[in-house]
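Structure assessment
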Amino acid sequence: MTTSATSGTGPADPAGPTENSLRRALKRARDGVALDVSEAAVLLQARGEHLDALTASAARVRDAGLEAAGRPGVITYSKSVFVPLTRLCRDKCHYCTFVTVPGKLRRAGHGMFMSPDEVLDIARKGAALGCKEALITLGDKPEDRWPEAREWLDAHGYDDTIAYVRAISVRILEETGLLPHLNPGVLSWTDFQRLKPVAPSMGMMLETTATRLWSEPGGPHHGSPDKEPAVRLRVLEDAGRSSVPFTSGLLIGIGETYEERAESLFALRKVSRSYHGIQELIIQNFRAKPDTAMRGMPDAELDELVATVAVARHIMGPSACLQAPPNLVDAEYERLIGAGIDDWGGVSPLTIDHVNPERPWPQIEELAAKSRAVGFELRERLCVYPEFVRRGEPWLDPRLRPHVAALADPATGLALPDAPVVGRPWQEPDEAFTASGRTDLHTAIDTEGRTSDRREDFDEVYGDWAALREAAAPGMAPERIDTDVRAALATAADDPTRLTDDEALALLHADGPALDALCEVADDVRKSAVGDDVTYIVTRNINFTNVCYTGCRFCAFAQRRTDADAYTLSLDQVADRAEQAWEVGAVEVCMQGGIHPDLPGTAYFDIARAVKARVPGMHVHAFSPMEVVNGATRTGMSIREWLGAAKEAGLDSVPGTAAEILDDEVRWILTKGKLPAATWIEVIETAHELGLRSSSTMMYGHVDQPRHWLGHLRTLAGIQQRTGGFTEFVTLPFIHTNAPVYLAGIARPGPTVRDNRAVTAMARLLLHPHIPNIQTSWVKLGTEGAAEMLRSGANDLGGTLMEETISRMAGSSYGSYKSVKDLIAVADAAGRPAKPRTTLYGPVPEERQRAARDSDGHLPQLLPVLD
């Protein structure tokens, strides 16, 4: 008989488990039988001889694991420095003395964050003492609660705390050689992608899965958004999905019941089994601290800690790494070793434990002696555990492998104690692709077959198969769509409006002869819809500023104001460029810029007025939905009010950029602060309702999939059926070369030729007859690529551009200008005639055509930007 209400904060309650239930649970543990939550809760209450039996069994499990890992009789630790990067936090945990407030920091003469110089000073001193880990600990998202934190980040050029964590980690690697272990609290999947390249390991304590301790007033986590158990479990799962070696654990004795404690351990086991990414579990005992709301709470007793360690060992199994902080147990180290730990955690010869400042670290020599007294050899490890050092990719980012390899014993994965700790370059120059391996597989697969039916790491790289099968309950695993491509092609040829989603997906995956047939069908639909003319527009792009703090991870255009490449044009310079464009035959200027923090929301009106004042006949195609939202929020106007005012100022139409992929699953990977899909749709539909037509776009080939393309195109077709406001659809292949999301190792290097053809063809079919004009981008695809798209359903080449900054900053190699003759040549290459157009696809006045012919090939002078 057990009880789930027994407190886990003190000695076993008389109403706790019976003698028989304890004996049964102990026998199952001793025999290696899997425990359930109730049995684990019983064992957590073992005391006296029952506790001795439990720990003896746990120690045997631990010893078997160490033997299997090739380090029998070894207990590890990490020689580290503790870096409290900021003690500000948006949470209000009732037991915490680490967190403080801005006023106290100011009175103590400290900044809101440690400065880079302060961090590097600690790291250099640690390196001189042989430390190999920089434990970077900080509060959760302090800028969300404290304006002072936001001001500090803004003043130092960081979009958020994670950006500073990333930047300081790079400097630690390059300037000191220490390996950062990051504890920044709750992270999103995207945060993991940002930080993985700069840190071999990360961590966050689960603490407990007892939701009531978070949700109920008076609970230790009440008022702390980042302590919701579901949120923290999601972090652990995202770490696993991101292949990040991750440290987690429990904080025991904060008011949880024994059953809740057991449930927390089983939750950790589930994540560990699913992703194989939890490198260690810390079992930490609560210690009450003065000046906290929980100062009167009794400390978790040593027996509580010992029993929890032993139960954790039984639940997690022999391969798990278990740690208990040695500075929290009053030197009774042998009891923890006897309970099944195999690690002492980080121990610093230089810095204090800033979370438990009243509890000094033991001397490493003392730990070694105490461990040796019970038959264990103390060995140094790195912040990333030896199993992950040996696994290598994908658990270690390639940019970190040289740093880790310089400090690790290749045979064991443990630390080389005498390895020199010196800074090393973080990112090596990119190497060109060279042929290697089985380069003939595309033909040999039919004659020789594959070497094996699975990868050598099949059992590890995908996670735990048993756990995945358990999770894939009936209906959860997606079913394969075996749609007949030939039938889908027949539907498309007969009536593309009848294509089902399954048929459309099959066609978006088409390749080889099926892709050729798809492009032929799309080209036939194009001919029937808009004829053979290839249209183009004489236009000039004007990117009036590239200063932007939005944080789009695909964008290589945006700069901070202090960056060497940052610029902002004056109103006169914008007007001068528009006037020059008019002189050489332009009928449109396309104007977009970064979200400059200094520009008021009315600046966009001023830009439109300046162009119209100088060149009244010029069509002003300007301001992406992101800029519209920026302008509206800065002026306090609604989107409708702002667009109305912009129209009065001279705005004629809106570019449908900033769409990327209209699926937030993708958008939150691509960008940090850009408007969500629903807001993009709101802006565009509002513009259409006000008589401001727009283009539509899709940027593809990064972290997206064909299902996202299908959803995006269906969304655009739906908008057009409601408003009729789109003038064209523009395909925007992702330019990867300098894009941060690619350099960070997240995105793929742009779409393939197959992708480009399939997207162009399916855009023609899925948007028919609602959006008749499909534009291809010569600046992203080049002349030959654009001609191929004209044979795949496209009918428009876009504009002469005259200047193009965004794609060129991203690494496009196809220039910034095409003359009218150049564009006609592209159409000729596709076997089609060319025809000029206006923004709204109307005829171009003869005077404008004559001006374009007379000056064709003569690029207008580019004016210098402001200093």
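As shown above, the structure is provided for reference.
Rules used in this analysis
- All chains use their own residue numbering, which begins from 1 and follows the written sequence.
- Under the rules for a predicted model, residues below a pLDDT of 70 receive no local features and side-chain atom pairs below 80 are neither given nor counted, while totals for whole chains, interfaces and linings still include all residues.
- Side-chain measures were taken over the full set of non-hydrogen atoms in the model, leaving aside hydrogen atoms and water.
- Secondary structure is summarised from DSSP: a helix means a run of H or I of at least four residues, a strand means a run of E of at least two, and numbering begins at the N terminus for each.
- Only protein chains enter the accessibility calculation, which uses a 1.4 Å probe. A residue is then buried if its area is under 20% of the maximum for its type, exposed if over 50%, and partly exposed in between.
- In what follows, a contact means two residues having at least one pair of non-hydrogen atoms within 4.5 Å.
- Only the protein chains shown count as cover for residues, and the accessible areas themselves come from Shrake-Rupley with a 1.4 Å probe.
- An axis is simply a line fitted to the C-alpha atoms; with a helix, the fit covers only the stretch in contact. Between two such axes, the angle follows the N-to-C directions and lies from 0 to 180 degrees.
- For classification purposes, an angle smaller than 35 degrees is called roughly parallel, one larger than 145 roughly antiparallel, one from 65 to 115 roughly perpendicular, and anything else oblique.
- Note on convention: near helix rotated counterclockwise from far helix by under a right angle means a left-handed crossing. Clockwise means right-handed.
- Residues were grouped as follows: Ala, Val, Leu, Ile, Met, Phe, Trp, Tyr, Cys and Pro as nonpolar; Asp, Glu, Lys and Arg as charged; and all remaining residues, including Gly, as polar.
- Only rings of Phe, Tyr and Trp enter the pairing, Trp through its six-membered ring, and a pair is recorded when the two centres are within 6.5 Å. The plane angle decides the type: under 30 degrees is stacked, over 60 is edge-to-face, the rest tilted.
- Cation placement over rings: the criterion is NZ of Lys or CZ of Arg within 6 Å of the ring centroid and within 35° of the ring normal.
- The term salt bridge refers to a side-chain nitrogen of Lys or Arg lying within 4 Å of a carboxyl oxygen of Asp or Glu.
- In protein, a polar contact requires one atom able to donate a hydrogen and another able to accept it; more generally it is a pair of N or O atoms within 3.5 Å, and residues adjacent in sequence count only if both atoms are side-chain atoms.
- Should DSSP find at least two bridges between two strands, the strands are regarded as paired.
- Expected span of a helix, by definition, is 1.5 Å for each gap between consecutive residues, and there is one gap fewer than residues.
- Side-chain atoms within 4.5 Å link the members of a nonpolar core, which is a set of buried Ala, Val, Leu, Ile, Met, Phe, Trp, Tyr and Cys residues.
- As used here, the arc is the angular range of directions from the helix axis to the C-beta atoms.

Now for the overall build of the protein chain. Looking only at helices and strands, the protein chain features 35 helices and 19 strands. Put simply, the protein chain has 867 residues, and 57% of those count as buried. Taking the contacts inside the protein chain whose residues are at least 6 apart along the sequence as the reference set, 76% of them involve residues at least 24 apart. For the protein chain, the exposed area adds up to about 35000 Å²; of that, 51% sits on carbon and sulfur atoms.

A separate point is the packing of helix α29 (residues 706-723) against helix α31 (residues 753-766). Here α29 crosses α31 at 30°, and the two axes come no closer than 10 Å. Taken together, the axes of α29 and α31 lie roughly parallel to each other. α31 is crossed by α29, and the crossing has right-handed handedness. For the pair α29 and α31, contact is made by W709, L710, L713, R714 and A717 and by R754, D755, V759, M762, A763 and L766, respectively. Here the contact of α29 with α31 is composed, by residue class, of 8 nonpolar, no polar and 3 charged.

Moving on, we get to the packing of aromatic side chains. As enumerated under the stated definition, the model contains 16 aromatic pairs in all. Plain terms: the ring middles of W152 and Y158 are 6.5 Å apart, the flat faces sit at 10° to each other, and that makes the pair stacked. For the pair formed by W152 and Y158, the shared burial category is buried. Within the aromatic cluster, the residues linked to one another by ring pairs are F544, Y604, F605, F623 and W642. Its guanidinium or amino end placed over the ring of Y841, R837 lies 4.0 Å from that ring's centre, counting from NZ or CZ. For R848, the ring lying beneath its charged end belongs to W582, and the centroid distance is 3.7 Å.

Moving on, we come to the pattern of salt bridges. In the structure shown here, the tally under the stated rule is 47 salt bridges. R748 is paired through a salt bridge with D704; the nearest N and O atoms lie 3.0 Å apart. On the criterion of sequence distance, the pair formed by R748 in the loop between α30 (740-743) and α31 and D704 in the loop between β15 (693-700) and α29 is long-range, its members being 44 residues apart. Its salt-bridge partner being E728, residue R837 comes within 3.5 Å of it at the nearest N-O pair. You can see R837 sitting in the loop between β19 (834-836) and α35 (846-854) and its partner E728 sitting in strand β16 (residues 726-733), a full 109 residues away along the chain. Here R837 matches E728 in class, with each residue buried. In the salt-bridge network here, residues are joined through shared partners; they are R47, E256, R261 and E304.

By secondary structure assignment, the location of T838 is in the loop between β19 and α35. For T838, the side chain forms a polar contact with the main-chain nitrogen of G842, separated by 2.8 Å. Setting aside anything within four residues of it in sequence, one finds T838 in contact with I537, V587, P843 and V844.

Counting buried positions over the 6 residues of strand β2 (residues 133-138) gives 6, a clear majority of the element. Burial of the side chains of β2 extends over both faces: E133, L135 and T137 are buried on one face and A134, I136 and L138 on the other. Strand direction decides the pairing type here: β2 and strand β3 (residues 179-183), joined by 5 bridges, are parallel. Counted as the bridge partner of T137 is N183 from β3.

Our next topic: helix α28 (residues 677-689). Between its first and last C-alpha atoms α28 spans 18 Å; for 13 residues at 1.5 Å apiece the expected length is 18 Å, and the two agree. Within α28, 10 of the 13 residues are buried, leaving the element largely enclosed by the surrounding structure. Here α28 has its buried residues at A677, T679, W680, I681, V683, I684, E685, T686, A687 and H688. Looking one or two residues past α28, G691 carries a phi angle of roughly 90°, positive in sign.

Residues M591 and W680 are the most contacted members of the largest nonpolar core, which totals 119 residues. Membership of the second largest hydrophobic core comes to 118 residues, among which are L179, I364, V404 and W426.

Moving on: the packing of helix α20 (residues 485-494) against helix α22 (residues 512-530). Running from N to C, α20 and α22 cross one another at 10°; their axes reach a closest spacing of 10 Å. Taken together, α20 and α22 sit at an angle that is classed as roughly parallel. The residues of α22 that touch α20, namely those facing V485, L489, A492 and A493, are A514, A517, L518 and V521.

Both trends apply: most residues other than glycine have a negative phi, and most peptide bonds are in trans. Of the consecutive residues H768 and P769, the connecting peptide bond is found in the cis state with omega at -5°. Within the secondary structure, P769 sits in the loop between α31 and β17 (774-775). At Y841, a position not held by glycine, the phi torsion is positive, near 65°. Take Y841: it is sitting in the loop between β19 and α35.

Now for helix α34 (residues 820-829). Because each turn of an α-helix spans 3.6 residues, side chains separated by three or four positions in sequence point in the same direction. Three or more residues of α34 are buried, namely V820, L823, V826 and A827. Projection of α34 onto a plane perpendicular to its axis shows the buried side chains occupying an angular sector of 120°, all on one side. Along α34, exposed side chains directed more than 90 degrees from the buried face belong to K821 and D828. Positive phi appears at G831, one or two residues downstream of α34, with a value of about 75°.

Turning next to the environment of I595. The topology assignment puts I595 in the loop between β12 (588-592) and α24 (603-614). Linking I595 and N630, residues 35 residues apart in sequence, is a C-alpha distance of 7.2 Å.

With that settled, consider the pairing of β12. Among the 5 residues that make up β12, 5 are buried, leaving the element largely enclosed by the rest of the structure. Side chains E588, C590 and Q592 project from β12 onto one buried face, and the interleaved V589 and M591 project onto a second face that is buried too. Bridging between strand β11 (residues 539-543) and β12 involves 5 bridges; their strand directions are parallel. Each bridged residue has a counterpart across the sheet, and for R540 the counterpart in β12 is V589.

Turning our attention to the side chain of D191. Secondary-structure assignment places D191 in helix α8 (residues 189-195). Within the local environment of D191, its side chain forms a polar contact with the backbone nitrogen of S188, the two atoms lying 2.9 Å apart. D191 has contacts with I162 and V186, leaving out every residue within four places of it along the chain.

Before going further, it helps to spend a moment on the environment of E148. Along the chain, E148 falls in helix α6 (residues 147-155). Accessibility expressed as a relative area gives 23% for E148, which makes it partly exposed. For the pair E148 and V101, spaced 47 residues apart in the sequence, the C-alpha separation amounts to 9.8 Å. Excluding its chain neighbours within four sequence positions, the residues that come into contact with E148 are P102, R106 and M112.

Remember, this is a structural readout, not a statement about activity or role.
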